[in-house]
Amino acid sequence: MKKIQMVDLVTQYRHIKPEIDKGFEEVLNSAAFINGQQVKTFQQNLEKYLNVKHVIPCANGTEALQIALMSLDLQQGDEVITADFTFAATVEVISLLKLTAKLVDVDYDTFTISPESIKKAITPKTKAIIPVHLFGQCANMDEILAIAEEHNLYVIEDTAQAIGADYKFKNGTEKKAGTIGTIGTTSFFPSKNLGCYGDGGAIFTNDDALAHRLRGIVNHGMYKRYYHDEIGVNSRLDSLQAVVLNAKLPHLEEYSAKRRKAADAYDQAFAEHPNLIVPKRADYSTHVFHQYTLKVINADRNALQQYLAEKEIPAMIYYPVPLRKQKAYDDGHYNDADFPNTNRLIGQVISLPMHTELDEEQQKYIIEAVRKF
Ligand SMILES: *Cc1c(COP(=O)(O)O)cnc(C)c1O
């Protein structure tokens, strides 16, 4: 049996090697490392795939969030609501821009931001909501958009873990994750569902004026060469990364299907287990399983992780500490009683190996080991 990994990018590369190697060679021979044609082509390919008017490539998913917030002209002290149970990038950029982060609880079943908790956190200073489509499934956007409309708030979708997921509105229409709110952002970090071979990110919007702003901000606030109208940043996707993304994008649907198939096998094995809760699939979103995350109940989650490690099965705890309790963000204002779901999840979640190259033999071995424990 092949050694089990959380992600297996080497085997995935072997399947697309000719295209990638050829693309790399073209870039090397043209030396157009920055702003090469490959970047423009990828931008257009992604716009088409997502059915969104504007894709603005940038350097990584964290800067995508930062630049999205910068484009909205928020003022110091304005409040931005986001989830307590997620990766730190979201709260990090809010704080970096001297905005005030309001962390709220998530839904226990779906791991995504709780619309009820958003409602409770709204004040006259609230300007934006950042739902994170965690682990590969969209947050409840029908409810989030309704709240945003009522209170006149921007919505920035952090799609770093859910590129390719389809959101199904109550009225039956569908949109790709990241193209629903005011702005969407994503990351092409190698282990993401659409990952490059270094750092990369992108910002999406259907708003022409915002797209113009975003393109200026990623390029030093420069709208005309060497005329700087505002303070921007330098945030670019490079040509070599665009080669990788152009090679992978046509396979993204197939990659998602492979992840779903692996998730189906896990579901089938664990659905009836008294100590395990399989990830809920919401009826309003397809799931692209960036992570396959079980909840362990009435059993020792950490001991399970240790047991699997001894069997050479990597399993990860995403996330062990809620953001409001991180040293950098603990401002002493949060009340534990407002976070019943996050408080439970941090002690229960465990993510099993999940990637496009996971084979049946490996999965059987993982399932057997979890059951034995
Ligand atoms: C990975 C990730 C990011 C950050 O992306 P980088 O490209 O690593 O900066 C932001 N938000 C979420 C939810 C992520 O998973």
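As the structure is a prediction and not an experimental result, all values here were calculated from the model.

Caption draft 1: Inspection of the packing of helix H3 (residues 61-70) against helix H4 (residues 89-96) at higher detail. Close contact between H3 and H4 brings their axes to 9 Å; oriented N to C, the two are set at 40°. Considered as vectors, H3 and H4 are oriented oblique to each other. For H3 against H4, the interelement crossing comes out right-handed. Residues Thr62, Leu65, Gln66 and Leu69 of H3 lie in contact with H4, whose contacting residues are Ala89, Thr90, Glu92, Val93, Ile94 and Leu96.

Caption draft 2: Spatial organisation of the sheet that holds strand E1 (residues 54-58). Taken together, the 7 strands give an open sheet; going across it, the order is E1-E9-E8-E5-E4-E2-E3, and neighbouring strands pair in mixed fashion. Each having just a single partner strand, E1 and strand E3 (100-104) make up the two edges of the open sheet. Here the strands of the sheet are splayed against their neighbours by 25° on average, with no regard to which way each runs. In this sheet, E3 lies alongside strand E2 (residues 79-83) in parallel orientation, the contact comprising 5 bridges. Bridging across to E3, alanine 83 finds its partner in valine 104. Set on the sheet, H3 makes contact with E1, E2, strand E4 (126-130), strand E5 (154-158), strand E8 (183-187) and strand E9 (201-205); between it and E8 the angle comes to about 160°. Contacts from helix H6 (residues 141-151) reach E4 and E5, with the element oriented near 150° to E5.

Caption draft 3: Quick peek at a nonpolar patch on the surface. A surface patch of nonpolar side chains, about 280 Å² in accessible area, is lined by Leu28, Phe33 and Ile34. By the element assignment, leucine 28 lies in helix H1 (residues 9-30). For leucine 28, a relative accessible area of 52% gives the class exposed.

Caption draft 4: Structural context of the site of the ligand. Near the ligand, the surroundings consist of Asn60, Gly61, Thr62, Phe87, Ala89, Val132, Asp158, Ala160, Gln161, Ser187 and Lys192. Taking aspartate 158, its side chain carries an N or O atom lying 2.7 Å from a nitrogen atom of the ligand. At 2.7 Å from an oxygen atom of the ligand is found a side-chain nitrogen or oxygen belonging to serine 187. Relative to its unbound accessible area of 380 Å², the ligand is 91% covered by the protein chains.

What counts, and where the lines are drawn
- Residue positions are given per chain, counting from 1 as you read along its sequence in written order.
- Totals for whole chains, interfaces and linings use every residue, but because this is a predicted model, local features are given only for residues with pLDDT of at least 70 and side-chain atom pairs only at 80 or more, for both listing and counting.
- Side-chain calculation: all heavy atoms of the structure are included, whereas hydrogens and water are not.
- Between the N-to-C directions of two axes lies an angle of 0 to 180 degrees, each axis being a line fitted to C-alpha atoms and, for a helix, fitted only over the stretch in contact.
- Helix and strand assignments follow DSSP, with helices taken as H or I runs no shorter than four residues and strands as E runs no shorter than two, numbered in order from the N terminus.
- We call two directions roughly parallel when the angle between them is under 35 degrees, roughly antiparallel when it is over 145, roughly perpendicular when it lies between 65 and 115, and oblique otherwise.
- By the definition used in this description, the sense in which the near helix is turned from the far one sets the handedness, with an anticlockwise turn below a right angle giving left-handed and a clockwise turn giving right-handed.
- Contacts are assigned to residue pairs with any non-hydrogen atoms lying within 4.5 Å of each other.
- When DSSP locates at least two bridges between a pair of strands, those strands are taken to pair.
- Grouping into patches uses exposed residues only, defined as over 30% relative accessible area, and leaves out salt-bridged ones; the cut-off is 9 Å for like charges and 5 Å for nonpolar side chains (Val, Leu, Ile, Met, Phe, Trp, Tyr).
- Where accessible areas are quoted, they stem from the Shrake-Rupley method and a 1.4 Å probe; at the residue level, only the protein chains shown are allowed to cover.
- Salt bridges, as used here, are contacts in which a Lys or Arg side-chain nitrogen is within 4 Å of a carboxyl oxygen on Asp or Glu.
- Burial status follows relative accessibility: with a 1.4 Å probe on protein chains alone, a residue under 20% of its type maximum counts as buried, one over 50% as exposed, and anything between as partly exposed.
- One heavy atom within 4 Å of a molecule or strand is enough for the residue carrying it to be called near that molecule or strand.
- Think of a polar contact as two N or O atoms within 3.5 Å of one another; within protein, one of them needs to be a possible hydrogen donor and the other a possible acceptor, and neighboring residues in sequence only count if both atoms come from side chains.

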